[in-house]
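Spelled out, the chains give:
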Amino acid sequence: MVAMENGQFLLISCEHGGYQIPPPYRALFRDRQLLLRSHYGYDAGALRLAREMAATLRAPLQAATVSRLLIDLNRSPAHPRLYSSATRGLALAQRREIFERYYLPYRTAVQLRIASAVADGQRVLHVSCHSFTPMLNGKLRDTDLGLLYDPARTSETMLCQRWQTSLKAGLPDLKIRRNVPYKGSADSFTAFLRRHFGDAQYVGVELEVNQRHVVSDSAAWPALRRAIVDSLRTVLGHAAWPDRSCDCNNYRPS
């Protein structure tokens, strides 16, 4: 893990980076190839963005390329959609094998990275990279970029306010919103990690990019990735969240 200024650490992750299915389970998806390559199977563009963000900001990257249709790494263990329709009906022993071979190692690796930094007295900024489909259930989603966080966490609120401001300055034509298209406090890996690490230890943000930008054949998608990374670098260089000496009890998010 790479230290930033003031004892902070940056960690990048990507839970839905690919649509790979391990050989033992490919028969389950023989007739689901189009589904695997759709937004149901993975987050298009998220892994590329995560890799560029990690490389540019010199941060470690934890990424998975196994399809979320095998098991969803961004869901809590008890979530009813942890397994998809393709795997939910498997025998308990088979589901347990998937859980222990693909889910648990990934989640444990991220949690141990954070715990190690916290044990060294550092605070972790975790950016989890995702993308979302522009059309869901017949409804157009016009948000371009979303920053998901828990409004009850002062550090996350302040970081996302400042990141949103920076993004809007560099991308004035895009709609950049907080806790859209999903609520940051809903079930997710970051929500799970908040239960294990306090506000002074852990700042978890899910970055959501509208996939209409990802599928573009123009130079706009690479330019957008650069703008996103540059904006985060700018925010991190300007004390993006309160240090531990601030009176956070007096802060009221707008």
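See the structure shown above.
Here we summarise the structure given alongside this text. Model, not experiment: these values are computed from the prediction.

## Comments concerning the nonpolar core
Counting residues in each nonpolar core, the largest one holds 38 residues, and the members touching the most others are Ile12, Met53, Val127, Trp163, Leu207 and Ile228. Counting residues per element, the ones that place at least two in this core are β2 (8-14), α2 (46-57), β4 (123-132), β7 (145-148), α4 (154-170), β9 (202-210) and α7 (220-236). Of all hydrophobic cores here, the second largest spans 31 residues; its members include Ile21, Leu70, Leu82 and Tyr102.

## Focus: the packing of aromatic side chains
Under the counting rule described, the total for this entry stands at six aromatic pairs. A centroid spacing of 6.2 Å and a plane angle of 40 degrees characterise the contact between Phe197 and Tyr202, whose relative ring orientation is tilted. Tyr202 carries the same exposure label as Phe197, and that label is buried. Pairwise contacts between aromatic rings join Tyr106, Phe189 and Phe192 into one cluster. For Arg95, the ring lying beneath its charged end belongs to Tyr83, and the centroid distance is 6.0 Å.

## With respect to the packing of α4 against α7
Helix-helix packing is characterised by the crossing angle of the two axes and by the distance between the axes. Put simply, α4 and α7 touch, their axes get as near as 9 Å, and they point 130 degrees apart. With respect to their mutual orientation, α4 and α7 come out oblique. When the axes of α4 and α7 are compared, the crossing they make is right-handed. Where α4 abuts α7, its residues Leu159, Arg162, Trp163, Ser166 and Leu167 lie against Ala227, Ile228, Ser231, Leu232, Thr234 and Val235.

## Some details on the packing of α2 against α7
Where α2 contacts α7, the two axes come as close as 10 Å, and the packing angle between them is 40 degrees. When the axes of α2 and α7 are compared, the pair comes out oblique. As α2 runs across α7, the sense of the crossing is right-handed. The residues of α7 that touch α2, namely those facing Arg48, Leu49, Glu52, Met53, Thr56 and Leu57, are Trp221, Arg225, Ile228, Val229, Leu232, Arg233 and Leu236. Residues belonging to the contact of α2 with α7 are distributed by class as follows: eight nonpolar, one polar and four charged.

## Quick look at the environment of Arg48
On the secondary structure map, Arg48 appears in helix α2. Residues Arg48 and Arg225, spaced 177 residues apart in sequence, show a C-alpha to C-alpha distance of 8.7 Å. Every residue in contact with Arg48, bar those within four places of it in the chain, is listed here: Trp221 and Arg225.

## A short note on the layout of surface pockets
For the largest pocket, the calculated volume is near 730 Å³. Of all the secondary-structure elements, those providing two or more residues to the lining of the largest pocket are β4 and β9. It is β4 that provides the largest number of residues to the lining of the largest pocket, a total of three residues. Considering only residue class, the lining of the largest pocket consists of eleven nonpolar, twelve polar and twelve charged.

## Considerations on the pairing of β4
A large share of β4 lies buried, amounting to ten of its ten residues. Here β4 shows no split at all, with Arg123, Leu125, Val127, Cys129 and Ser131 on one side and Val124, His126, Ser128, His130 and Phe132 on the other all buried. Summarising the sheet, β4 and β9 pair through nine bridges and their orientation is parallel. Its bridge partner lying in β9, Phe132 is registered against Asn210.

## Some points on the pairing of β2
Within β2, seven of the seven residues are buried, which leaves the element mostly enclosed by the surrounding structure. Of the two faces of β2, the one lined by Gln8, Leu10, Ile12 and Cys14 and the one lined by Phe9, Leu11 and Ser13 are each fully buried. Inspection of the sheet shows β2 paired to β4 by six bridges, in the parallel sense. Each residue of the ladder has a partner; that of Gln8, found in β4, is Arg123. The pairing of β2 with strand β3 (residues 61-63) spans three bridges and is parallel. Bridge pairing links Ser13 to Gln62 in β3.

## What to know about α4
Between its terminal C-alpha atoms α4 stretches 25 Å, which fits the 24 Å expected from 17 residues at 1.5 Å a residue. Where burial is concerned, most of α4 is hidden: twelve out of the 17 residues are buried. Every buried residue of α4 is accounted for by Thr154, Ser155, Glu156, Thr157, Met158, Leu159, Cys160, Gln161, Trp163, Gln164, Ser166 and Leu167. In this structure, the buried side of α4 is in contact with β4, β7, β8 (176-178), α5 (189-194), β9 and α7.

Parameters at a glance
- Residues numbered from 1 in each chain as written.
- Predicted model: local features only at pLDDT ≥ 70, side-chain atom pairs only at ≥ 80, totals over all residues.
- Heavy atoms only, no water.
- Core = buried A, V, L, I, M, F, W, Y, C linked by side-chain atoms within 4.5 Å.
- Buried < 20%, exposed > 50% of the residue type's maximum accessible area, 1.4 Å probe, protein only.
- Helix = DSSP H or I, 4+ residues; strand = E, 2+ residues; numbered from the N terminus.
- Phe/Tyr/Trp six-rings, centres within 6.5 Å; stacked < 30°, edge-to-face > 60°.
- Lys NZ or Arg CZ within 6 Å of the ring centre and 35° of its normal.
- Axes fitted to C-alpha atoms, helices over the stretch in contact; angles between N-to-C directions.
- Parallel < 35°, antiparallel > 145°, perpendicular 65-115°, else oblique.
- Left-handed = near helix turned anticlockwise from the far one by under 90°.
- Contact = heavy atoms within 4.5 Å.
- Nonpolar A, V, L, I, M, F, W, Y, C, P; charged D, E, K, R; others polar.
- 1 Å grid on protein atoms, 1.4 Å probe; cavity = no way out; pocket = protein on both sides within 12 Å on 5 of 7 lines; lining within 4 Å.
- Points joined across faces, edges and corners; volume = space filled by probe spheres on them.
- Pairing = 2+ DSSP bridges.
- Expected span 1.5 Å × (residues − 1).

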